[in-house]
Amino acid sequence: MQFEDLHLMPEILKALKLRKYEKPTPIQEKVIPFILDKNDVLGCAQTGTGKTAAFAIPIIQRIQKIEGGHDKPVLRSLILTPTRELAIQIDDNIKAYSKFTDVKHAVIFGGVKQHEQVRKLKQGIHILVATPGRLLDLISQGYIDLSTIKIFVLDEADRMLDMGFINDVKKILKLLPQERQTLFFSATMPEDIRKLSKKILVDPKRVEVSPPSSTAEAIEQYIYYTNKPDKKKLLLHILKNKDMDHVLIFSRTKHGADKLARFLKKNGFKVAAIHGDKAQNQRQKALQLFKSGDIQALVATDIAARGIDIIQLKYVINLDIPNEAETYVHRIGRSGRAGKAGIAISISDPEENAYVKDIEKLIKQKLSTVKDNPFPQTDKPMTAEEKKEWNKEKQRRKKEFFANRKKQRR
Ligand code: AMP
């Protein structure tokens with residue numbers, strides 16, 4: 001199928017050509033016609049499938065058809081997404097696809113001063129991309145009125161609930177007109193997400209581009225079993241031997257991410273870290289350096305990595321095994337985007353072996369164990385020193401977990 005077969009307007013086809021998209025991805029083939037036909041959509045799709053374009057393109061087309069050429073833009077579409085990075089990413093995509101139309105758009109998110117965002121809103125926009133907190137804040141100040149919305153998108157719904165945004169989402173839903181089109185996307189469909197979707201969708205078209213919680217087929221997945229104290233040495237071995245010049249490395253904690261970035265720098269790698277304690281402009285700068293290839297490696301925590309979208313990203317490394325199997329699926333979805341081949345490498349210590357089992361159960365496949373491993377896992381007990389260090393790390397993680405939870409609830 002070609003984009004032309006989806007009855008897209010010339011202004012959009014031209015923008016897609018400029019972006020060098022050759023043909024629609026499977027989710028785009030399915031979802032674009034549903035949205036153009038004004039249906040509600042329940043989409044189960046991982047990142048990397050092209051889902052942003054799948055909803056952004058038809059929204060732009062519908063707005064251009066109805067509102068194009070009018071004087072003052074009226075807010076017609078709200079796209080709610082959990083993180084700032086993702087919000088910026090979506091807005092960037094909208095900017096590219098709407099380049100040759102009259103559609104105006106803006107993005108708002110917390111952690112930065114509101115002045116610039118308010119200025120943009122005052123000029124008038126058709127599409128607003130927002131994170132929940134800043135949206136509610138600007139609504140309460142009278143800068144945004146949702147009563148004119150026709151199309152509402154809830155993106156990454158599962159992550160939204162994981163991050164504790166359910167009450168904010170409920171508040172926002174109350175402010176939207178009853179009569180509207182709703183598009184609901186989630187990478188996974190656990191029970192609470194299904195329930196929420198039932199509440200807000202009317203007779204939706206269901207679209208699933210790969211089964212829930214399965215791993216993108218394009219990604220090769222490897223695992224090294226090692227001991228905790230050897231993890232970083234093993235990481236160096238992997239980075240040096242596999243000729244990796246562009247790799248995203250996950251670390252569970254902010255502290256761990258910083259420590260790892262320092263360690264890699266010391267060993268001659270160009271690297272940056274992004275996590276929740278970094279200022280927004282620092283995060284954007286690090287992402288930019290990574291995207292442009294000025295640094296080889298980006299160390300990220302899960303929340304900060306959400307929304308990272310680099311087409312050529314081939315390698316993802318998990319220095320820690322996430323204790324929630326679904327987080328693993330999110331992490332490795334960063335590689336192999338839009339049909340490109342990706343490679344995910346995970347490093348497990350004995351305490352994490354059980355998490356690996358959970359992951360294999362969820363994705364219904366075994367990760368390939370790498371035999372060429374200079375630091376294989378032994379069952380030797382930790383030394384007193386290692387144990388002390390490990391206990392300290394555990395305390396740190398616990399503190400960070402509760403601090404994060406508190407922050408998210410705020
Ligand atoms: P997403 O799943 O929306 O995060 O998109 C993943 C990546 O695929 C982004 O970098 C998009 O720019 C890219 N992409 C989306 N649609 C297409 C397409 N039809 N052809 C090539 N790349 C695409």
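Higher on the page you've got the structure.
What you see is a predicted model, and the numbers here were worked out from it, not measured in a lab.

In strand S4 (residues 127-130), alternate side chains face the same way, and those of Ile-127 and Val-129 on one face and Leu-128 and Ala-130 on the other are all buried. When strand S2 (residues 77-80) meets S4, the two strands line up parallel, connected through 4 bridges. Looking at the pairing, Ile-79 lines up with Val-129 of S4. One ladder, built from 4 bridges, connects strand S3 (residues 105-108) with S4; its direction is parallel. Residue Ala-106 lies in a different strand from S4, and its bridge partner there is Leu-128. After leaving S3, the chain enters helix H5 (residues 115-123) and then returns to the sheet as S4, a path that is right-handed.

Another point: a negative patch on the surface. A contiguous patch of negative charge, built from Asp-162, Glu-191, Asp-192 and Glu-324, is present on the exposed surface. One can find Glu-324 in the loop between strand S12 (315-318) and helix H14 (325-332).

Spatially, 7 strands are ordered S10-S11-S9-S12-S13-S8-S14 in an open sheet, and the strand pairing comes out parallel. What marks the edges here is a single partner per strand, and that holds for strand S10 (271-274) and strand S14 (368-369). Sheet analysis places strand S9 (residues 247-250) next to strand S11 (residues 297-300), joined by 4 bridges and oriented parallel. If you follow Leu-248 over to S11, its bridge partner there is Leu-298. Contacts from H14 reach strand S8 (219-225), S9, S12 and strand S13 (342-348), with the element oriented near 150° to S12.

Moving on, we come to a positive patch on the surface. On the surface, Lys-170, Lys-171, Lys-174, Lys-195 and Lys-199 cluster together into a patch of positive charge. Of all the secondary-structure elements, those providing two or more residues to the positive patch are helix H8 (166-175) and helix H9 (191-200). Take the positive patch: its biggest share by element is 3 residues, from H8. Residue placement: Lys-171 occurs in helix H8. For Lys-171, a relative accessible area of 48% corresponds to the partly exposed category.

Here the focus is H9. Within the sequence span of H9, burial applies to Ile-193, Leu-196, Ser-197 and Ile-200. Projected onto a plane normal to the axis of H9, the buried residues spread over an arc of 100° and lie on a single side. When the buried face of H9 is taken as reference, the exposed residues oriented beyond 90 degrees from it are Lys-195, Lys-198 and Lys-199. On its buried face, H9 sits against strand S1 (41-44), strand S5 (151-154), helix H7 (157-162), H8 and strand S6 (181-186).

With that settled, consider unusual backbone geometry. In this structure, Glu-156 is a non-glycine residue whose phi angle is positive, near 50°. For Glu-156, the location among the structural elements is in the loop between S5 and H7. The class of Glu-156 is buried, set by a relative accessible area of 3%.

Leu-8, Phe-55 and Leu-183 are the most contacted members of the largest nonpolar core, which totals 39 residues. Those elements that provide at least two residues to this core are helix H1 (10-18), helix H2 (26-36), helix H3 (51-67), helix H4 (84-97), S4, S5 and S6. Discounting chain neighbours no more than four positions away, the residues touching Leu-8 are Phe-3, Leu-13, Leu-16, Ile-32, Leu-36, Ile-57 and Gln-61. Core analysis: the next-biggest nonpolar cluster, separate from the first, contains 36 residues, Cys-44, Leu-78, Phe-152 and Leu-176 among them.

Under the counting rule described, the total for this entry stands at 12 salt bridges. For Glu-156, the salt bridge is made with Lys-51, and the minimal N-O distance between the two is 3.1 Å. In this pair, Glu-156 is assigned in the loop between S5 and H7 and Lys-51 in helix H3, connecting sequence segments 105 residues apart. Accessibility classification places Glu-156 together with Lys-51 in one group, the buried group. Notably, a salt bridge pairs Asp-302 with Arg-331, separated by 2.7 Å at the nearest N-O pair. Residue Asp-302 is located in helix H13 (residues 302-305), and its partner Arg-331 is located in helix H14; the two are separated by 29 residues in the primary sequence.

The interhelical angle for the contact between helix H6 (residues 132-140) and H8, taken along N-to-C directions, is 45°, at an axis separation of 10 Å. The orientation of H6 with respect to H8, classified from their angle, is oblique. Regarding H6 and H8, the two cross each other, and that crossing is left-handed. Every residue of H8 that contacts H6 at Pro-132, Gly-133, Leu-135, Leu-136 and Ile-139 is listed here: Asp-168, Lys-171, Ile-172 and Leu-175. When its residues are assigned to classes, the contact of H6 with H8 shows 6 nonpolar, 1 polar and 2 charged.

Cut-off values and rules
Residues numbered from 1 in each chain as written. Predicted model: local features only at pLDDT ≥ 70, side-chain atom pairs only at ≥ 80, totals over all residues. Heavy atoms only, no water. Buried < 20%, exposed > 50% of the residue type's maximum accessible area, 1.4 Å probe, protein only. Helix = DSSP H or I, 4+ residues; strand = E, 2+ residues; numbered from the N terminus. Pairing = 2+ DSSP bridges. Right-handed = clockwise from strand over helix to strand, strands pointing away. Patch = residues over 30% accessible without salt bridge, like charges linked within 9 Å, V, L, I, M, F, W, Y side chains within 5 Å. Areas by Shrake-Rupley, 256 points an atom, 1.4 Å probe, with all protein chains shown as cover. Salt bridge = Lys/Arg side-chain N within 4 Å of Asp/Glu carboxyl O. Lys, Arg positive; Asp, Glu negative; His and termini not counted. Charge placed at Lys NZ, Arg CZ, Asp CG, Glu CD. Contact = heavy atoms within 4.5 Å. Axes fitted to C-alpha atoms, helices over the stretch in contact; angles between N-to-C directions. Arc of directions from axis to C-beta. Core = buried A, V, L, I, M, F, W, Y, C linked by side-chain atoms within 4.5 Å. Parallel < 35°, antiparallel > 145°, perpendicular 65-115°, else oblique. Left-handed = near helix turned anticlockwise from the far one by under 90°. Nonpolar A, V, L, I, M, F, W, Y, C, P; charged D, E, K, R; others polar.

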